[in-house]
Amino acid sequence: MRERAQTVIVGAGIVGVSAAYHLTDLGVTDVLVLDQGPLFETGGSTSHAPGIIFQTNGSRTLSRLAQDSVALYDSVDLDGERCWYGVGGLEVAATPERMEELKRRQGYSRSFGIEDTELLTPAEAVDKSPLLDPRTILGAYWIPSDGAGKTVKTVTALGREAQARGVGFEGGVIVTGFDIRDGRVHGVQTTRGPVECERVLICAGFWGPTVGAMAGVPIPLVAVQHQLVWTDPIPELDGLAGDTWAQQPVVRHQDMSLYFRQREDHFGIGNYRHEPIVTPQPSIRRHGDGPMPSLMPWTPDDFDLCEDETARMFPSLEGRMRPSAPERSLNGMFSFTPDGGSVVGESAAVRGVWVCEAVWVTHAAGMARQVVEWMETGEPSYDLAEADANRFYPFQTSPAYVVERGKQQYREVYDILHPLQQPTTPRNLRLTPFHARHRGLGAEFLTGAGWERPQWFRANHDLVGGVTHEWSRRAGWAARGWSPEVGAEHLATRSHAALFDITPFAKFDVAGPDALAFLERVFANRIDRPVGSIVYTAALTPTGGIRLDLTVIRKDEELFRVVTGGGSGQHDLAWLRRQCRESERVTITERTGSLFALGLWGPRARDILRQVTDADVSDDGFPYLTARYIDVGEVSPVWAQRISYVGELGWELYGQFAMGDRIWDLLWEAGRDHGLIAAGGGAFDSLRLEKGYRLWGQDIHTEHDPIEAGLGFAVRWDKDFQGREALEAIRDGGGPAERLACMTVDDPRTVVMGKEPVWHDGKVVSYVTSAAYGYSIGRGIVYGYLPAALAVPGTLVEVEYFGVRHASTVTDEPLWDPKGERLKA
Ligand code: FAD
């Protein structure tokens, strides 16, 4: 075995081998792949996956990764043997709700580039999948490019190709530890001795937590058992001729959490319809202790429901689902994470330790491509925020949380999930100091990053009374997770004032003699401004994409406060820390959990604040985009920032967590005569979109640069910053091909939810990045990137929602207060 390699990959399943293959594609061949099992049927999840791929996904990234994976699997063969069968995918609906969902899913396929999908009647579905009983379904969604692959053969083919290009593969080698010094990996310890290396890529599948722990890298996933049965032969398949490995489409019956595929003269049936069975890491078997380690004893009772339902839907399978050969019924394990996403990227804890974990066969080749691009070029070409290895708060990596959430992901794997659907457990993990007040006002809570966040308040119900807007009669999908109070809170913020609990915003203090130089290098806007200045800025990728989007506030000569979204907080923190050079005297301290944060916003905000502070809060005394310490009653110090995410006059107020109650009560009392209300996240989101504020992760991310996103105003060309060269090339290259555009839906009653396809001239030209109802302007608002020629006010487009196209119009933005007069009042 080699004693050194530039890159060591742990794991030769579909992910590890695809990564090795893609590294060679980028010219990197000094690579050693180690696996404890035999090559290439290693005994991991890949070894028994039926290889089914459904590409449609509500995540644009996952959808594209699946398409990329299919393209690669389709391109390889093993000694002339075909590995991929694009027999098509059929997602059936047994309930009216699912039928509606299938329309939405077809919308995703259009948004994200999966071609020629169709909605079928039951009879048309049977034309594709002849054993299906049409009486059991209401219809189906057909995806011609879905299918199934010979997974182990695909891995073998990719592995051999990588081997031919110079990669070393070793089976039967257990990685037992890592040589980590000075925060960086220098080698790998194995049962066959040490291997020196510069970087490691952990692709250890459901063993990830164990392997990660050896390096001090949390990999929050849980191994859950999933049932798969290969039926006895089915006489109706006797007549198949030619290559029978796969001829009929793969079928998903999501209302019962089941899937099916024909293979030769029998079917494979996958069953998620049982209580999740978790295998703790110490209970995972070693090689040699019986069947392959990823297989657990078959639990026949868990298959009962599945058997009944399958017999109903595919009558010819009845009596053939309890095969006598024991190896045809299996409980196989694979990985589930707390939020269902993969875990990918370089660990924030140890330099040189990369992970690519919790990845399905469906996305493996595509995801492996992204991670190796990231390793080689500093950035993947796709936005991988939803898979970022450093996105988890520490509590989200605790075993209790990981198991609870991982099990729930398993249960929900095929569920119809509304974007605002909430987990029921674990809840109340992180409470802001205003929680009791929120409860008192009848808050409806959503959870985000563990925080309980009010979405609206029942106490505001009276404000809805008398409102005769069309939107107050919202129904259906759009009415879920919504209440008319949302609209009322929006309007009251614009007309009077509201208190928004923004404590979950992530806050970091960046301090030290080199803090300014560090931030100036990292961020595209000018950071060197007088103490008390607030700067909205982006940090860019080497190709000019938006890696962070946040505000930096100069608190002192050598002290800066960074405020960013709660959802992206850990990602932003890890990235910022990673940019620090060893020679730089900079410390970055997280303050999120120790500071309350309140937004006091609305035209009456000044009148209210004046009553509880002696500070001069006039426009001259406390101008827009400035910050300083003030007292609010006895609450002192309060760091006040004159900025607002809702487009109204107001302040963000930060102070000691323990004094939260007191400041709330003081402001509440002072606001009594000014119509002050508490407002929630629903109003917040619609206020921000009306004002055209972009949301990182949706409207902007690493695949979009500030110029196409309409954020060029926050770039200072008179200074140097990371990504400048790339951005200059974009600026000077004739401008971007597409631009983020604001569109309003013509019918004032129509609301869409996001990710819908946008049509122009009979073609899909974009998809919706953000959507909300603009209660002040009386229209549904959507944002999306349009070809530059279409991104001009007046262009007529259509937004498809549940299969219906709604006339919409590109408009000037922002829709609310375009001159910013209300902010600067
Ligand atoms: P694995 O294939 O598990 O590979 C990890 C490798 O790491 C193993 O070979 C292991 O031996 C090695 N390793 C771990 N620790 C060490 C160590 N310390 N030293 C050396 N080597 C180590 N997905 C789909 O997309 N479509 C499907 O149809 C599908 N069906 C499935 C059906 C079943 C029954 C199961 C269980 C899973 C299914 N999946 C499916 C999920 C899919 O199989 C997995 O997500 C995927 O195979 C994971 O690939 P991997 O390379 O990450 O992991």
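Everything below is about the structure printed above this text.
Let us look at the structure shown here. Along each chain, numbering runs from 1 in the same order as the chain's sequence is written. Local features are withheld for residues below a pLDDT of 70 in this predicted model, meaning they are given only at 70 or higher, and side-chain atom pairs are given and counted only at 80 or more; totals for whole chains, interfaces and linings count all residues. Hydrogens and waters are ignored; side-chain quantities use all the structure's heavy atoms.

Further remarks concern the nonpolar core. Judged by nonpolar contacts, the single largest core of 47 residues is most densely connected at Ile9, Leu201 and Cys356. Of all elements in the fold, only helix 1 (14-25), strand 2 (31-34), helix 2 (60-75), helix 5 (151-164), strand 23 (353-357) and helix 8 (361-377) reach the threshold of two or more residues within this core. Secondary structure counts use DSSP, requiring at least four H or I residues in a row for a helix and at least two E residues in a row for a strand, with both numbered from the N terminus. If you tally residues by element for this core, the top one is helix 8, at nine residues. Nonpolar cores are built from buried Ala, Val, Leu, Ile, Met, Phe, Trp, Tyr and Cys residues. Side-chain atoms within 4.5 Å join them into one set. Burial classes follow relative accessibility: with a 1.4 Å probe on protein chains only, a residue under 20% of its type's maximum area counts as buried, one over 50% as exposed, and anything between as partly exposed. Residues Val175, Ile202, Ala204 and Ala358 belong to the second largest nonpolar core, which totals 33 residues.

Pairing between strands is defined by DSSP: at least two bridges between them are needed. Strand order in this open sheet of three strands is 3-10-6, and the pairing throughout is antiparallel. The open sheet has two free edges, formed respectively by strand 3 (52-53) and strand 6 (84-85), since each of these has just one partner strand. Bridge count for strand 3 against strand 10 (residues 147-149) is two bridges, and the pairing is antiparallel. The partner of isoleucine 53 across the bridge, within strand 10, is glycine 147.

A word on the side chain of glutamate 648. By the secondary structure assignment, glutamate 648 is in the loop between strand 34 (635-641) and strand 35 (650-656). Looking at glutamate 648, the relative accessible area reads 1%, which means it is buried. Distance and chemistry together define a polar contact, namely a pair of N or O atoms within 3.5 Å, with one atom able to donate a hydrogen and the other to accept it when in protein, and with adjacent residues in sequence counting only for side-chain atoms on both sides. A distance of 2.9 Å separates the side chain of glutamate 648 from the side chain of arginine 494, its partner in a polar contact. Within the structure, the side chain of glutamate 648 is placed 2.8 Å from the side chain of arginine 822, a separation counted as a polar contact. In contact with glutamate 648, other than residues within four places in its own chain, are Thr493, Arg494, Gly602, Pro603, Trp816, Arg822 and Leu823. By the convention used here, residues are in contact when the closest approach between their heavy atoms is within 4.5 Å.

Another aspect to go through is the pattern of salt bridges. Salt bridges are defined by distance alone: a side-chain nitrogen of Lys or Arg within 4 Å of a carboxyl oxygen of Asp or Glu. Counted by the stated rule, this structure contains 56 salt bridges. The salt bridge involving glutamate 376 is made with arginine 199; its shortest N-O contact spans 2.5 Å. Here arginine 199 lies in strand 14 (residues 195-202) and glutamate 376 lies in helix 8, a separation of 177 residues in the sequence. Residues participating in the shared-partner salt-bridge network are Asp25, Glu161, Arg165, Arg369 and Glu373.

Around the ligand, a shell composed of 35 residues is seen, among which Asp35, Thr42, Thr46, Val359 and Thr362 lie nearest. Note that a nitrogen atom of the ligand is positioned 2.8 Å from one of the backbone N or O atoms of isoleucine 52. Valine 359 places a polar main-chain atom, nitrogen or oxygen, 2.8 Å from an oxygen atom of the ligand. With the chains in place, 98% of the 1000 Å² that the ligand exposes on its own is no longer accessible. Only helix 1, strand 15 (222-230), strand 21 (329-336) and helix 8 provide two or more residues apiece to the shell around the ligand. For the shell around the ligand, the leading source of residues is strand 21, giving four residues. Throughout this entry, Asp, Glu, Lys and Arg are counted as charged residues, while Ala, Val, Leu, Ile, Met, Phe, Trp, Tyr, Cys and Pro are counted as nonpolar. The remaining residues, Gly among them, count as polar. Taken together, the residues that form the shell around the ligand break down as 21 nonpolar, 13 polar and one charged. We define proximity as follows: a residue is near a molecule or strand when any one of its heavy atoms falls within 4 Å of that partner. Areas reported as accessible are Shrake-Rupley estimates using a 1.4 Å probe. Residue values count occlusion only from the protein chains shown.

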